[in-house]
Amino acid sequence: MAASICPTFSYPPPSPKPSSSKRHFCIPSDTKLKPHSNSTTFTTCCSQQSQGQFAFSDAADPFSFDIDEAETPAPMPPTPGRYEILIDNDIISRLDLSPFHAATGITSAPESVRAKEFLERTIGFRIEYRREDERDPRELSEYPDIRLWFLRLDSLYPWLPVVLDWRAGELVRYAAMLVPHQMSMRKGIVFNPEALELFVVGKAFVVYSWLKEHGVLRPRLKVKDMARMLGYGIDDQLFDWVDNDNTPY
């Protein structure tokens, strides 16, 4: 029996056909947005899943997508009391993660990862990036060196998306650092749909296991909420597969 993730796609996908659904989000306004010279909007694919396939679709599968084409509202102000990580050009150029460690208190000791506290207070980033050319219109997520810093951070703490300050747009901006996208003056950030699918599914696996490991209540709901922030829904079948997997780690 196929499980379903809501955008709705099949995985592995059968021959896709284009859909009008589009993934567009607003991110914290660090810089002015600019359209690409040949900006295109990436569209999602929807299709019927055959028996035994893992489903992504634009209807209701273990994975589905549900974002309309209206303008996306701007993110809310940062959550009061959140952990704030300040990074600048020097920190970024050296791939220095010490500001993250200093702000969160995370060390090499497992007990330094206080999952429940991070979930309650949330984590956010303040990026003070000095451009070589002040007229450079690129958004922060379009700078390779900034993206490399976030890739380094994500490689060490792949569970991080679940504890970010979602309401302030931190989850979407974090995804933008790791997932191919384009910028739109009207819609904000427009993700490559296939890349975003893989990002969300991969994080669902990592975050679900991490939440269970740290004794967080209702881990399935938390993962579903995280996926929904990026326009996806996840069916319980996916979590059942993970729970029934006896692969040693």
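Refer to the structure presented above.
All residue numbers refer to position in the chain's written sequence, counted from 1. Thresholds applied to this predicted model are a pLDDT of at least 70 for local features of residues and 80 or more for the giving and counting of side-chain atom pairs; totals over whole chains, interfaces and linings are not thresholded and use all residues. Remark: hydrogens and water are excluded; side-chain values derive from all non-hydrogen atoms of the structure.

Digging into the overall build of the chain
In step 1: In terms of helices and strands, the chain carries eight helices and 12 strands.
In step 2: When checking whether two residues touch, look at their non-hydrogen atoms; a contact exists if any pair is within 4.5 Å. Counting contacts in the chain only where the partners sit at least 6 residues apart, residues at least 24 apart contribute 77% of the total.
In step 3: Reported accessibility uses the Shrake-Rupley method at a 1.4 Å probe radius. Residues are deemed covered only where the shown protein chains occlude them. For the chain, the accessible area works out to roughly 12,400 Å², and carbon and sulfur atoms hold 54% of it. A run of DSSP states H or I qualifies as a helix once it reaches four residues; a run of E qualifies as a strand once it reaches two. Both are numbered from the N-terminal end.

Things to note about helix 8 (residues 236–243)
In step 1: Note on exposure labels: buried denotes an accessible area under 20% of the residue type's maximum, exposed denotes more than 50%, and partly exposed covers the range between, all computed with a 1.4 Å probe on protein chains only. Of all the positions in helix 8, only Gln237, Leu238 and Phe239 are classed as buried.
In step 2: One side-chain oxygen of the residue at the start of helix 8 lies 2.8 Å from the amide nitrogen of Gln237, identifying that residue as Asp235. Whenever two N or O atoms come within 3.5 Å, that pair is a polar contact, provided that in protein one can donate a hydrogen and the other can accept it, and provided that, for residues adjacent in sequence, both atoms are side-chain atoms.

Examining helix 6 (residues 193–213)
In step 1: To estimate how far a helix should reach, multiply one less than its number of residues by 1.5 Å. With 21 residues, helix 6 ought to run about 30 Å at 1.5 Å a step, and its terminal C-alpha atoms sit 30 Å apart, in line with that.
In step 2: Residues of helix 6 that are buried include every one of Pro193, Leu196, Glu197, Phe199, Val200, Val201, Lys203, Ala204, Val207, Tyr208, Trp210 and Leu211, and no others.
In step 3: The backbone nitrogen of Glu194 lies 3.1 Å from a side-chain oxygen of the residue at the head of helix 6, namely Asn192.
In step 4: Among the residues trailing helix 6, Gly215 stands out with phi positive, at a value near 70°.

Points about the packing of aromatic side chains
In step 1: Two aromatic rings from Phe, Tyr or Trp, using only the six-membered ring of Trp, form a pair when their centres are within 6.5 Å; if the ring planes differ by under 30 degrees the pair is stacked, by over 60 it is edge-to-face, and anything between is tilted. In this structure the tally under the stated criterion is 11 aromatic pairs.
In step 2: Judged by centre distance (4.5 Å) and plane angle (5°), the ring pair of Trp159 and Trp210 falls under stacked. In this pair, Trp159 is assigned in the loop between helix 4 (144–156) and helix 5 (170–178) and Trp210 in helix 6, connecting sequence segments 51 residues apart.
In step 3: Residue classification places Trp159 among the buried residues on the basis of a relative accessible area of 6%.
In step 4: Ring pairs connect the aromatic residues Tyr83, Phe100, Phe118, Tyr157, Trp159 and Trp210, which therefore count as one cluster.
In step 5: When the NZ atom of lysine or the CZ atom of arginine is within 6 Å of a ring's centre and also within 35 degrees of its normal, the charge is said to sit over that ring. Against the face of Tyr143 rests Arg138, its NZ or CZ located 4.1 Å from the ring centre.
In step 6: Geometry around Trp166 places Lys222 over its ring, the cationic atom sitting 4.6 Å from the centre.

A closer look at the nonpolar core
In step 1: Counting 57 residues, the largest nonpolar core has Phe125 and Leu160 as the members making the most contacts within it.
In step 2: No other element matches helix 6, which puts eight residues into this core.
In step 3: Sequence-distant contacts of Phe125, defined by excluding residues within four places in its chain, comprise Arg82, Ile85, Trp149, Phe150, Leu153, Leu160, Leu164, Glu170, Arg173 and Tyr174. To qualify as a nonpolar core, a set must consist of buried Ala, Val, Leu, Ile, Met, Phe, Trp, Tyr and Cys residues joined through side-chain atoms within 4.5 Å.

Comments concerning the pattern of salt bridges
In step 1: For this analysis, a salt bridge means a side-chain nitrogen from Lys or Arg found within 4 Å of a carboxyl oxygen belonging to Asp or Glu. If you walk through the whole model with that rule in mind, you get 19 salt bridges.
In step 2: Arg82 is paired through a salt bridge with Glu84; the nearest N and O atoms lie 2.7 Å apart.
In step 3: You can call Arg82 buried: its relative accessible area is 10%.
In step 4: As a salt-bridge pair, Lys203 and Asp154 come within 2.7 Å of each other at their nearest N and O atoms. With Lys203 in helix 6 and Asp154 in helix 4, the pair connects residues that are 49 residues apart, well separated along the chain.
In step 5: Take Asp154: its relative accessible area is 14%, and that puts it in the buried class.

Some remarks on a nonpolar patch on the surface
In step 1: A cluster of nonpolar side chains, Leu95, Leu148 and Leu151, forms an exposed patch at the surface whose accessible area comes to about 240 Å².
In step 2: Within the secondary structure, Leu148 is located in helix 4.
In step 3: Take Leu148: its relative accessible area is 45%, and that puts it in the partly exposed class. The patch calculation keeps residues exceeding 30% relative accessible area without a salt bridge and links them within 9 Å when they carry like charges or within 5 Å when they are nonpolar (Val, Leu, Ile, Met, Phe, Trp, Tyr).

A few points about unusual backbone geometry
In step 1: The backbone of Leu95 shows a phi angle near 50°, a positive value even though the residue is not glycine.
In step 2: In this fold, Leu95 is placed in the loop between helix 1 (89–93) and helix 2 (98–104).
In step 3: By relative accessible area, which is 32% here, Leu95 ends up partly exposed.
In step 4: In the Ramachandran plot, Thr122 falls in the positive-phi region, its phi being about 70° despite a non-glycine side chain.
In step 5: Mapped onto the elements, Thr122 comes out in the loop between helix 3 (115–121) and strand 9 (123–128).

Details of the environment of Gly81
In step 1: Along the polypeptide, Gly81 turns up in the loop between strand 7 (63–65) and strand 8 (83–88).
In step 2: Taking C-alpha positions, Gly81 is 8.3 Å from Thr122, a pair spaced 41 residues apart along the chain.

Points about the packing of helix 6 against helix 7 (residues 219–229)
Think of two packed helices as two axes; the pair is described by the angle between the axes and how far apart they sit.
In step 1: The angle between two axes is taken between their N-to-C directions and runs from 0 to 180 degrees, where each axis is a line fitted to C-alpha atoms and a helix contributes only its stretch in contact. Where helix 6 contacts helix 7, the two axes come as close as 9 Å, and the packing angle between them is 150°. With respect to their mutual orientation, helix 6 and helix 7 come out roughly antiparallel. In the packing of helix 6 onto helix 7, the handedness of the crossing is right-handed. Seen from helix 6, the contacting residues are Val200, Lys203, Ala204, Val207, Tyr208, Leu211 and Lys212; seen from helix 7, they are Pro219, Arg220, Lys222, Val223, Met226 and Ala227. Reported orientations rely on four angle classes, namely roughly parallel under 35 degrees, roughly antiparallel over 145, roughly perpendicular from 65 to 115, and oblique for the rest. With the far helix as reference, a near helix turned anticlockwise by less than a right angle produces a left-handed crossing, and one turned clockwise produces a right-handed crossing.

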